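Structure assessment
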Amino acid sequence: MHTCLHDATVIDGTGQILENYSLLIKDQEILALGPAETLQIPAKAKVYTLSGKYVLPGIIDAHIHLDMHGLPDTYHESLVEHKLRTIRSAIEMSNTVRAGVTTVRNMGSAHLIDIAVKRAVKEELIIGPRILACGKIISMTAAGNGYFPELYRQADGIDENRKAAREQLQGGADLLKIMATGAIMNPGGTPGAPLLDIDEMQAVVREGEKEDKHTAAHAHGAQGIKNAVKAGVRTIEHGTLADEDALKLMAEAGVYLISTLSSNFWMLRSAGKRGIPKFMFEKAEEISKTRVETLNKALELGVKVVMGTDAGTPYNFHGKNCMELVQYVEKGIMSPMEAIIASTGTAAEAVGLGHCTGTLKEGKLADCLILKQNPLKNINCLLELDCIHMVFKEGTLVKGEVDPQHWNTSTPLGL
Ligand SMILES: [Zn+2]
């Protein structure tokens, strides 16, 4: 089956703007891309004329938690019986893909819910983005882990870490996630303090490499970042307290920085609302002081910064993922074009899918977001549901002008 996205402005995810272009899709893939005037369109193709509209690659969010739903106190997420939690997660993923996010990397999930939801999307039981799932987060025995029952796989020493990694892979994980430092969202965590040792993290990285799967490290503090980079991780999540040496080490090793500005943005914006635990708010407030500075420094030193939102954390609802791009632009960290590249082309490379998505190019999967407005002039339009004209995932229309599917715009909890 052929589909043609005809006569649009194509923003291809590499920095190019192609005006009056058409994109021809065959089944799941982009067959051709060329000027609207000259591109050959097969007679039976379904043609969508998109004059005045903008075609972008589907957005890639490299850090979400699909089984968390933005509750003010993250502990309350675990009080939901996990079969119901799984169903809620499925609804969230439907909201996410219809908001233009066609790939997500899930960075920790209780009960391996992420792997179940991923499977449901793959089997076309539900509509959702392509999901890369890590299963449980591998952490050393540490204060605060109990705040997220079933989320962490605690492991101490090389052997236990090796086994913990093997368990996630056995469960169907696409990548592994380790705790290199303490966290904001649990009461015992000290974000600046290192957790797993280098040799423990190396054991995890090595297990992943056997199956060509990468490892991501949660890391705020500089020492933990350095340890994780030395252990061979592919991405640093958050990186909020990175010093110049840590950033230089990341740049040299080609390690990506996943920004997660959204988690702070939504939590601090929701300060007046009830329910965010005091410890969590205070740590977020403290760490927010240096976040923009750190991202600017990272870019200056050649670190590739990639979109990740931590969606699912307090008031950080699924489907609002593009707030991350808006934050890049509003805080003067990136231009709108740079923000789009950080959430498409570069994000695909970071999550290991650069060969098949992230840019609009012949041979890649047809993951496309079609906007009614120019995001280069108004980046906020990415957050406006009315502005999202259509979304294709692997050549399948998942959100259209006349949307036959029910689109649940509220969260499953009605918050
Ligand atoms: Zn996270």
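Residues numbered from 1 in each chain as written. Predicted model: local features only at pLDDT ≥ 70, side-chain atom pairs only at ≥ 80, totals over all residues. Heavy atoms only, no water.

A few words now on the coordination of the zinc ion. Protein ligation of the zinc ion involves His63 (NE2), His65 (NE2) and Asp310 (OD), the donor distances falling in the range 2.1 to 2.2 Å. Mapping the donors of the zinc ion onto the primary sequence yields the spacing H-x1-H-x244-D. In this pair, histidine 63 is assigned in strand 6 (residues 59-64) and aspartate 310 in the loop between strand 15 (305-306) and helix 9 (323-330), connecting sequence segments 247 residues apart. On the basis of relative accessible area, histidine 63 is assigned to the buried category, the value being 0%. (Donors = N, O, S within 2.8 Å, 3.2 Å for Na, K, Ca; no water. Helix = DSSP H or I, 4+ residues; strand = E, 2+ residues; numbered from the N terminus. Buried < 20%, exposed > 50% of the residue type's maximum accessible area, 1.4 Å probe, protein only.)

A word on the pairing of strand 6. Consecutive side chains along a regular strand alternate between the two faces of the sheet. Across the six residues of strand 6, six count as buried, placing the element largely inside the fold. As paired strands, strand 6 and strand 7 (residues 101-106) are joined by four bridges and run parallel to one another. Its bridge partner lying in strand 7, isoleucine 60 is registered against threonine 103. (Pairing = 2+ DSSP bridges.)

With that settled, the discussion passes to the sheet that holds strand 7. The strand order across the open sheet formed by three strands is 6-7-8, and the pairing between neighbours is parallel. Among the strands making up the open sheet, the edge pair consists of strand 6 and strand 8 (130-133). Neighbour-to-neighbour, the strand axes of the sheet open up by a mean angle of 15°, direction not taken into account. Across the sheet, helix 1 (residues 82-98) is in contact with strand 6, strand 7 and strand 8; its angle to strand 7 comes to roughly 135°. Taken strand by strand, helix 2 (residues 113-122) contacts strand 7 and strand 8, and its axis lies near 155° from that of strand 8. (Axes fitted to C-alpha atoms, helices over the stretch in contact; angles between N-to-C directions. Contact = heavy atoms within 4.5 Å.)

For the rest of this paragraph, the subject is helix 5 (residues 222-231). Across the 10 residues of helix 5, eight count as buried, placing the element largely inside the fold. All of the buried residues in helix 5 are Ala222, Gly224, Ile225, Lys226, Asn227, Ala228, Val229 and Ala231. Those residues of helix 5 that are buried are in contact with helix 4 (198-210), strand 12 (215-221), strand 13 (235-241) and helix 6 (244-253). Two residues or fewer past helix 5, glycine 232 is found with a positive phi of approximately 100°.

Quick look at the side chain of lysine 177 now. Checked against the element boundaries, lysine 177 lands in strand 11 (residues 176-179). Polar side-chain contacts of lysine 177 include one of 3.0 Å to the backbone oxygen of methionine 107. Non-local contacts of lysine 177, meaning those with residues more than four positions away in its chain, are made with His63, His65, Met107, Cys134, Lys136, Ile137, Ile138, Ala216 and His218. (Polar contact = N/O pair within 3.5 Å; in protein donor to acceptor, adjacent residues only side chain to side chain.)

Turning next to the domain arrangement of the protein chain. Taken domain by domain, the protein chain holds domain 1 (2-57 + 360-399) and domain 2 (59-350). Averaged C-alpha coordinates put domain 1 and domain 2 at centres separated by 29 Å. Counting from both sides, the interface comprises 24 residues of domain 1 and, opposite them, 25 residues of domain 2. Between domain 1 and domain 2 the total buried area reaches about 1900 Å² when both faces are included, carbon and sulfur atoms providing 72% of it. (Domains from an automatic or database assignment. Buried area = accessible area lost by both parts, 1.4 Å probe.)

The subject of this paragraph is the nonpolar core. Counting residues in each nonpolar core, the largest one holds 92 residues, and the members touching the most others are Ile236, Met250 and Leu371. At six residues, helix 8 (residues 278-300) tops the list of elements feeding residues into this core. Each of two domains, domain 1 (2-57 + 360-399) and domain 2 (59-350), supplies a minimum of three residues to this core. If sequence neighbours within four positions are ignored, methionine 250 has contacts with Ile225, Val229, Ile236, Val255, Tyr256, Leu257 and Val303. (Core = buried A, V, L, I, M, F, W, Y, C linked by side-chain atoms within 4.5 Å.)

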